[in-house]
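Fold and contact review
Listed below are the residues making up each chain.
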Amino acid sequence: MGRSTPTTKDDAQALFHSLRSAYSATPTNLKIIDLYVVFAVFTALIQVGYLAIVGSFPFNSFLSGVLSCVGTAVLAVCLRIQVNKENKEFKDLPPERAFADFVLCNLVLHLVIMNFLG
């Protein structure tokens, strides 16, 4: 039993090292999009934590905020998929077109969210 713990720890370290080295080869524009996705999800988690601590009086506001963060994160993931050069499915799509789609979809998303707020 004592022998399985060091090998599990070594395996976890090797996995972490391989993921880190693979992510270091990721282009900068994809890292920026990843950071944006992490920020959007973190903001949604903060809002859920605030709801748990303070309460849910303006529930429409809570739903609008969380859905805005989650929707923005989903759209950013779609942008990352389209902009990634290694993705062969979107090789003919220029990055400017993908960014224009992202901006337009975000505009529609936030117009719907503002309408939901009332």
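Overview of the structure. (Residues numbered from 1 in each chain as written. Predicted model: local features only at pLDDT ≥ 70, side-chain atom pairs only at ≥ 80, totals over all residues. Heavy atoms only, no water.)

Some remarks on the packing of aromatic side chains
The full count for this structure, using the stated rule, is 3 aromatic pairs. Between Tyr 36 and Phe 102, the ring centres sit 6.4 Å apart and the planes meet at 80 degrees, which makes this aromatic pair edge-to-face. Highlighted residues: Tyr 36 in helix 2 (residues 28-54) and Phe 102 in helix 4 (residues 95-117), separated in sequence by 66 residues. You can call Tyr 36 partly exposed: its relative accessible area is 36%. For Phe 102, a relative accessible area of 13% gives the class buried. Here Phe 59 and Phe 62 contribute two aromatic rings whose centre-to-centre distance is 5.7 Å and whose plane-to-plane angle is 35 degrees, an arrangement assigned as tilted. Linking Phe 59 with Phe 62, this pair stays in helix 3 (residues 59-83), spanning 3 residues, or about one helical turn. The class of Phe 59 is partly exposed, set by a relative accessible area of 40%. You can call Phe 62 buried: its relative accessible area is 17%. These aromatic residues form a ring-pair network of at least three members: Tyr 36, Phe 99 and Phe 102. (Phe/Tyr/Trp six-rings, centres within 6.5 Å; stacked < 30°, edge-to-face > 60°. Helix = DSSP H or I, 4+ residues; strand = E, 2+ residues; numbered from the N terminus. Buried < 20%, exposed > 50% of the residue type's maximum accessible area, 1.4 Å probe, protein only.)

Observations regarding the state of the cysteines
Such a bond, covalent and formed between the sulfur atoms of two cysteines, is termed a disulfide. All chains considered together, the criterion is met by 0 disulfides. Distance from the sulfur of Cys 69, which forms no disulfide, to the nearest cysteine sulfur (Cys 78) is 16 Å. According to the relative accessible area criterion, Cys 69 is buried, its value standing at 11%. The closest cysteine sulfur to the non-disulfide-bonded Cys 105 is located on Cys 78, 8.1 Å from its own sulfur. (Disulfide = S-S within 2.5 Å.)

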